[in-house]
2 protein chains.
Amino acid sequence: MNKKTTIYDIAKELNVTVSTVSRALSGFPAISDATRQAVFEAAKRLNYSPNKLASALKSGRTYIIGVIVPSVQAHFFASIIHSIEEGLKDSGYRIILYQSNESVASEINGVKTLLEAQVDGIMASLSLETEDVTHFEEVIKQNKPLILFDRVHEKLKVPTVTLDDFKAGYMATQHLIEQGYKNIAYVTTSHQIRIFNDRLKGYKAALADYNLPLNEDNIIFGGLSIKDGRFGAGKLIRSKNKPDAIIAADDFTALGVIKKLKEINETPPQIGVIGFANEAFSAYITPSLSTIDQHPNQMGAECAKLFLSTIQNKPSQKISNIVIEPSLVDRQSTGITE
Amino acid sequence: MNKKTTIYDIAKELNVTVSTVSRALSGFPAISDATRQAVFEAAKRLNYSPNKLASALKSGRTYIIGVIVPSVQAHFFASIIHSIEEGLKDSGYRIILYQSNESVASEINGVKTLLEAQVDGIMASLSLETEDVTHFEEVIKQNKPLILFDRVHEKLKVPTVTLDDFKAGYMATQHLIEQGYKNIAYVTTSHQIRIFNDRLKGYKAALADYNLPLNEDNIIFGGLSIKDGRFGAGKLIRSKNKPDAIIAADDFTALGVIKKLKEINETPPQIGVIGFANEAFSAYITPSLSTIDQHPNQMGAECAKLFLSTIQNKPSQKISNIVIEPSLVDRQSTGITE
DNA sequence: CTGAAAGCGCTAACAC
DNA sequence: GTGTTAGCGCTTTCAG
């Protein structure tokens with residue numbers, strides 16, 4: 001088992017010092033071309049591979065940034081991750097992923113782990129459970145960039161990238177209204193996450209603007225999942241004031257709603273259904289699901305841009321809060337049949 | 001900006017030496033309880049956070065393992081990742097993700113990056129493009145565990161976790177035959193990836209076993225995607241020997257096939273369709289897609305187990321090649337209508 | 001343009 | 001049970 005070759009080996013080989021090798025390798029300008037050539041040639045010949053750990057320990061920069069998401073299994077987050085990577089590619093920064101699985105405990109552990117790994121910054125989208133965010137304060141204290149996306153928290157005064165969720169909720173509701181639905185219900189999470197509250201506010205605002213009554217019994221607070229969607233829909237259709245359309249706070253929940261409605265032969269768009277996120281399956285189910293696109297690729301790209309600009313401009317300028325415009329994806333589940 | 005506290009600060013605080021602190025912190029047995037208590041208390045008070053980099057540099061172990069997958073956007077890989085994490089959780093190992101995006105160049109870069117980051121091992125599933133695998137040899141040369149899963153390569157003599165893909169292909173074909181289909185076509189990738197070849201072999205074997213003719217024109221080699229599925233199906237239905245069932249090498253491709261068939265009003269199961277992977281959407285499309293479940297959770301769990309046992313038992317014992325049993329998920333797309 | 005040398009924060013012999 | 005000390009591999013002053 002051959003010891004790994006280090007810059008010392010290269011130095012010895014060429015009868016120069018490590019500093020020269022280090023400089024040559026890292027593109028330091030004041031190095032003769034001859035030396036540089038020789039160093040690169042020797043590095044290659046000796047099969048040298050830099051130890052980034054040592055470099056990071058000394059320089060204080062790992063060029064790794066930690067990304068915390070609830071789960072990569074949601075297409076929405078998978079897409080964001082993908083475009084964060086894409087946006088970081090040319091900068092030399094890499095990401096290391098941490099999944100909170102919607103648990104605060106796990107999220108706290110994630111922050112700790114990433115910090116111990118000396119990441120140069122953290123991007124996070126909060127778990128559903130997260131209410132207290134003090135565990136993120138250590139990141140700020142260590143003077144490392146922290147960027148929140150999608151699921152953010154007002155207590156944390158950091159750069160954010162979010163959807164205009166109020167507008168998203170308004171848009172979904174407005175679309176249903178314009179399609180002729182009059183008694184629109186809403187299935188959402190009971191967790192106090194801002195984006196979901198904002199969507200709900202948008203819903204209420206749209207009802208008000210169109211002079212439609214708001215019936216609090218029409219709002220079901222539970223979880224977000226296929227199962228919860230079925231459950232919520234079941235509850236709604238049994239109510240005395242049965243709705244003619246249902247908004248679900250995400251596409252998984254909307255899918256559950258649809259499944260339930262099909263079972264009772266009120267297949268959408270007979271009862272209208274709309275979701276949020278434009279998940280991978282949403283276009284392919286039957287009826288295809290109308291939804292609000294949250295533009296994850298744009299979000300990821302903005303996160304990357306935000307990080308790079310934060311890392312460069314030391315002078316703590318104003319904190320940017322980037323807001324992405326939602327857009328409506330109109331499909332069968334809200335297409336009034338006539 | 002307060003300098004980060006190190007074990008030196010704790011040592012000074014308590015008038016002991018760093019070695020004592022280091023030992024106390026890492027649970028070294030021969031330390032008095034009093035000292036240990038004091039150290040932990042001081043660590044907490046001073047808001048100490050260990051620098052894993054320094055520790056790793058010294059000890060040679062980062063407790064990070066690199067995972068290379070084609071893309072997290074496929075539910076199949078997302079699930080594997082999830083259960084690798086799950087299986088590693090109690091061991092202290094963390095993973096860092098690298099996506100090859102089905103490109104060899106990117107995969108080569110991934111290996112390099114991970115190695116430079118001094119990961120303690122690598123788990124990988126090859127990109128579709130990968131034919132030459134010499135870039136992985138460096139991992140072996142560095143004496144670090146390399147585990148291949150799902151998309152493996154015979155040139156690499158390393159532990160693997162795979163599906164019994166021959167059986168999977170056989171199973172899919174057999175199912176169609178038993179459902180009464182007689183002229184079964186196959187849409188797959190032109191890339192030379194073993195698992196796809198094995199599935200195809202299983203297909204051929206099943207045809208032979210049931211005395212059904214093999215028509216080479218019925219095998220379409222192209223890409224794997226919704227688009228490729230449409231294309232493949234289009235080609236098949238225009239052929240003189242139009243098939244009554246189509247096997248697609250993955251669920252995305254199968255989805256494309258279904259879309260095409262619906263357009264020409266030969267909605268499955270009129271023409272039977274089956275895929276592989278049991279993707280997130282497969283149960284929810286219409287008709288729901290029959291598929292072969294590749295048990296990603298089991299695969300991920302086995303990868304984790306394999307890694308842990310490799311890391312422990314230094315004596316290079318026999319290389320394990322774990323094979324997972326596929327299972328049939330029977331849904332509407334193959335349910336003969338009668 | 002290149003060399004010498006001091007660490008980054010932690011671990012692990014080796015002493016006592 | 002605790003202290004001393006020599007690095008891990010690299011970067012980065014400060015000299016020359």
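Residues numbered from 1 in each chain as written. Chains lettered and ligands numbered in written order. Predicted model: local features only at pLDDT ≥ 70, side-chain atom pairs only at ≥ 80, totals over all residues. Heavy atoms only, no water.

**Q** Break down the domain arrangement of chain A for me, citing the residues and quoting the values.
**A** Taken as a whole, chain A is organised into domain 1 (7–50), domain 2 (60–163 + 296–325) and domain 3 (165–294 + 328–334). For domain 1 of chain A versus domain 3 of chain A, the distance between C-alpha centres works out to 63 Å. (Domains from an automatic or database assignment.)

**Q** An account of the pattern of salt bridges is needed here, citing residue identities and associated values.
**A** All names here are of chain B. Here the structure, examined in full by the defined rule, presents 27 salt bridges over all chains. Note that Arg45 is salt-bridged to Glu41, the shortest N-O span being 2.9 Å. Taken together, the residues span about one helical turn, with Arg45 and Glu41 both in helix α3 (residues 33–45) at a distance of four residues. Judged by its relative accessible area of 45%, Arg45 is partly exposed. For Glu266, the salt bridge identified is with Lys242, shortest N-O distance 2.4 Å. Of this pair, Glu266 sits in the loop between α11 (251–263) and β9 (272–276) while Lys242 sits in the loop between α10 (226–238) and β8 (245–248); the two residues are 24 residues apart in sequence, bridging distant segments of the chain. Taking relative accessible area as the criterion, Glu266 reaches 16% and is therefore assigned buried. (Salt bridge = Lys/Arg side-chain N within 4 Å of Asp/Glu carboxyl O. Helix = DSSP H or I, 4+ residues; strand = E, 2+ residues; numbered from the N terminus. Buried < 20%, exposed > 50% of the residue type's maximum accessible area, 1.4 Å probe, protein only.)

**Q** Describe the sheet that holds strand β12 (residues 327–329) of chain B, with residues and values.
**A** All names here are of chain B. Read across the sheet, six strands follow the order β7-β6-β8-β9-β10-β12 without closing on themselves; strand pairing throughout is mixed. Edge positions in the open sheet fall to β7 (219–222) and β12, since each of these has one partner strand only. The sheet shows a mean angle of 20° between the axes of neighbouring strands, taken without regard to direction. Of the strand pairs in this sheet, strand β6 (residues 184–189) and β7 are connected by four bridges, and their pairing is parallel. Note on β7: the bridge partner recorded for Val187 is Ile220. (Pairing = 2+ DSSP bridges. Axes fitted to C-alpha atoms, helices over the stretch in contact; angles between N-to-C directions.)

**Q** Talk me through the packing of aromatic side chains; I want residue IDs and the actual numbers.
**A** Counted by the stated rule, this structure contains 14 aromatic pairs over all chains. Judged by centre distance (5.1 Å) and plane angle (85°), the rings of Tyr93 of chain B and Phe307 of chain B are edge-to-face. Here Tyr93 of chain B is found in the loop between α5 (75–88) and β2 (94–99), whereas its partner Phe307 of chain B is found in helix α12 (residues 296–312), with 214 residues between them in sequence. Residue classification places Tyr93 of chain B among the buried positions, given a relative accessible area of 5%. Taking the relative accessible area as the measure of exposure, Phe307 of chain B reaches 1% and is therefore buried. Here the aromatic cluster, defined as three or more aromatic residues joined through ring pairs, consists of Tyr63, Tyr93 and Phe307 of chain A. Lying across the ring of Phe276 of chain A, Arg199 of chain A places its NZ or CZ 4.6 Å from the centre. (Phe/Tyr/Trp six-rings, centres within 6.5 Å; stacked < 30°, edge-to-face > 60°. Lys NZ or Arg CZ within 6 Å of the ring centre and 35° of its normal.)

**Q** Give me the lowdown on the protein's contact with DNA strand D, citing residues and values where you can.
**A** The environment of DNA strand D is formed by 24 residues, the closest being Tyr48 of chain A together with Ser19, Thr20, Arg23 and Lys58 of chain B. Here a phosphate oxygen of DNA strand D sits 2.5 Å away from a polar atom, N or O, in the side chain of Thr20 of chain B. Lys58 of chain B places a polar side-chain atom, nitrogen or oxygen, 3.3 Å from a base nitrogen of DNA strand D. Only α1 (7–14), α2 (18–25) and α4 (52–59) of chain A together with α2 (18–25) and α4 (52–59) of chain B provide two or more residues apiece to the surface near DNA strand D. Here the surface near DNA strand D is composed, by residue class, of nine nonpolar, eleven polar and four charged. (Near = heavy atom within 4 Å. Polar contact = N/O pair within 3.5 Å; in protein donor to acceptor, adjacent residues only side chain to side chain. Nonpolar A, V, L, I, M, F, W, Y, C, P; charged D, E, K, R; others polar.)

**Q** Break down the UniProt feature "domain: HTH lacI-type" (unreviewed entry) in chain A for me, with residues and values.
**A** Those places that UniProt annotates as "domain: HTH lacI-type" (unreviewed entry) correspond, in this numbering, to residues 5–59 of chain A. Strand forms 0% of residues 5–59 of chain A and helix 67%; the C-alpha atoms that close the span are 20 Å apart. (UniProt positions renumbered as here; feature names shortened; annotations may be inferred.)

**Q** So what's going on with the environment of Gln332 of chain A? Which residues, and what values?
**A** All names here are of chain A. If you trace the backbone, Gln332 turns up in the segment after β12 (327–329). Exposure remark for Gln332: the relative accessible area of 47% places this residue in the partly exposed category. When neighbours within four sequence positions are excluded, Gln332 is seen to be in contact with Pro269, Pro287, Ser288 and Ser290. Engagement of the side chain of Gln332 in a polar contact is seen with the backbone nitrogen of Ser288, the distance being 2.9 Å. (Contact = heavy atoms within 4.5 Å.)

**Q** Pulling in residues and values, what's your account of the interface of chain A and chain B?
**A** The interface is formed by 45 residues belonging to chain A together with 45 residues belonging to chain B. Summed over both partners, the interface of chain A with chain B comes to about 4,100 Å²; 54% of that surface belongs to carbon and sulfur atoms. Our count for the chain A to chain B interface comes out at two salt bridges. In this structure, the salt-bridge partner of Glu116 of chain A is Lys52 of chain B, at a minimum N-O distance of 2.7 Å. Along the contact surface separating chain A from chain B lie eleven residue pairs in polar contact (both at pLDDT 80 or more). Those elements giving two or more residues to the side of chain A that touches chain B turn out to be α4, α5 (75–88), β2 (94–99), α6 (104–116), α7 (137–141) and α11 (251–263) of chain A. Taken together, the residues of the side of chain A that touches chain B sort by class into 19 nonpolar, 17 polar and nine charged. (Buried area = accessible area lost by both parts, 1.4 Å probe.)

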